[in-house]
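So you can see what is in the structure, the chains are spelled out below.
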Amino acid sequence: TPIHKESCMINFKEKGFAFERKIAREFGIWWADDPNSLYRNTGSGSRATKVRGVYAGDIVPANDTIKNWPFCIELKKSEQWSVENFINGNPGEPLLQYMIQALSAAETGSNERCMLICAKKYKKALCFLHVHAFRYFLDFEESSILGRLIWRKPINIETCWRAPIIDFYILYLEDFFKLDR
């Protein structure tokens, strides 16, 4: 039977939504010992919440158990991005675009510590933690850091005034959750 484009798109989106809900639960447990304290932002961009102010990113506070949620987290479940293409300086690399999107989102909300989480099928999720967010953690074990990505070529963006450089540490998401909050 022929595959309908619309049903594939719905399936694709549902898989992405499931990934976002799963990560929101994991962050809720890590931050507040409550899997329901954070949720997947159903809109695009920033969202005002009952808790405090406007939060940007794909995961936002759901209730008052979250105090001072500092992270602006962008989530991407895709096969399209590549660390290798980023290292090779490809300006069209989706990973670079994801990083710019994450930094831009962090500017708009009250949660300015920028983080990007990317996953591919059958691979461990990677956490790209911006250098300013990285400094928030004092207990980082250097052995958990997989690398650091810095974009040194000019890019045409007007945002990122709080974090003017594309500079991210990389670690597995499971290692991130071992850090003290």
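Values in this document were obtained by computation on a predicted structure and should not be read as measured data.

> Give a detailed account of the pairing of strand S7 (residues 126–130), specifying residues and quantitative values.
Counting buried positions along S7 yields five of five residues, so the element is predominantly enclosed. Of the two faces of S7, both are covered, the one formed by Leu 126, Phe 128 and His 130 as well as the one formed by Cys 127 and Leu 129. Hairpin geometry of strand S6 (residues 113–119) and S7 is characterised by an intervening segment of six residues between the two adjacent antiparallel strands and by a positive phi of about 60 degrees at Tyr 122.

> I'd like to hear about the nonpolar core, residue by residue, with values.
Grouped together as the largest cluster of nonpolar side chains are 30 residues, with contacts concentrated most on Phe 27, Trp 69, Phe 71, Ile 73, Met 115, Ile 117 and Phe 176. At the level of secondary structure, the elements contributing two or more residues to this core comprise helix H1 (5–32), strand S4 (59–61), strand S5 (71–77), S6, S7, helix H4 (131–134), strand S9 (167–172) and helix H5 (173–176). Here this core gets six residues from one element, more than from any other, and that element is H1. Those residues in contact with Phe 176, other than ones at most four positions away along the chain, are Phe 27, Trp 30, Phe 71, Met 115, Cys 127, Leu 129, Phe 137 and Leu 171.

> Tell me about the confidence of the model for the protein, and please be specific about residues and values.
Taken over all residues, the pLDDT of the protein has a mean of 81, while the share at 70 or more is 77%. Of all secondary-structure elements in the protein, the lowest mean pLDDT belongs to strand S2 (residues 47–48), at 48, while S7 reaches the highest, 95. Predicted confidence for residues 46–51 stays below pLDDT 50, and this span has 23 contacts to residues more than four positions away or in other chains.

> Please give an account of the packing of aromatic side chains that cites residues and values.
Applying the stated criterion across every chain, the model contains 17 aromatic pairs. Here Phe 27 and Phe 176 contribute two aromatic rings whose centre-to-centre distance is 5.7 Å and whose plane-to-plane angle is 45 degrees, an arrangement assigned as tilted. Of this pair, Phe 27 sits in helix H1 while Phe 176 sits in helix H5, placing them 149 residues apart in sequence. Across this residue pair, the class does not change: Phe 27 and Phe 176 are buried. Taking the centre distance of 6.1 Å and the plane angle of 90 degrees together, the rings of Trp 81 and Phe 128 count as edge-to-face. In this pair, Trp 81 is assigned in the loop between S5 and helix H2 (83–87) and Phe 128 in strand S7, connecting sequence segments 47 residues apart. The same class applies to Trp 81 as to Phe 128, namely buried.

> Can you explain the sheet that holds strand S8 (residues 147–150)? Please cite residues and give values.
In spatial order, the strands read S5-S6-S7-S9-S8; together these five strands make up an open sheet with mixed pairing. For this open sheet the edge positions go to S5 and S8, each flanked by a neighbour on one side alone. If you compare each strand with its neighbour and ignore which way they point, the axes differ by 25 degrees on average. In terms of strand pairing, S6 meets S7 through four bridges, oriented antiparallel. Bridge pairing in S7 links Leu 116 to Phe 128. The strands touched by helix H3 (residues 94–108) within the sheet are S5, S6, S7, S8 and S9, with S6 carrying the most contacts at an inclination of about 145 degrees.

Cut-offs used in this document
- Each residue is numbered by its place in its chain's sequence as written, counting from 1.
- It should be noted that, the model being predicted, local features are given only for residues of pLDDT at least 70 and side-chain atom pairs only at 80 or more, the latter also being counted only at that level, while totals for whole chains, interfaces and linings use all residues.
- Only heavy atoms go into the side-chain values, all of them from the structure, while hydrogens and water stay out.
- Throughout this description, buried means an accessible area under 20% of the type-specific maximum (1.4 Å probe, protein chains only), exposed means over 50%, and partly exposed covers the range between.
- Runs of H or I in DSSP of at least four residues are treated as helices and runs of E of at least two as strands, each being numbered from the N terminus.
- Strands are treated as partners if at least two bridges between them are detected by DSSP.
- We define the nonpolar core as a collection of buried residues of types Ala, Val, Leu, Ile, Met, Phe, Trp, Tyr and Cys that are connected through side-chain atoms lying within 4.5 Å of one another.
- Here a residue-residue contact requires only that any non-hydrogen atoms of the pair lie within 4.5 Å.
- Residue-level confidence of the predictor is what pLDDT reports, using numbers from 0 through 100.
- Only Phe, Tyr and Trp rings take part, Trp by its six-membered ring, and two of them pair if their centres are within 6.5 Å. Stacked means planes under 30 degrees apart, edge-to-face means over 60, and tilted covers everything else.
- Fitted lines through C-alpha atoms serve as axes, helices being fitted only where they are in contact, and the angles separating the N-to-C directions of these axes extend from 0 to 180 degrees.

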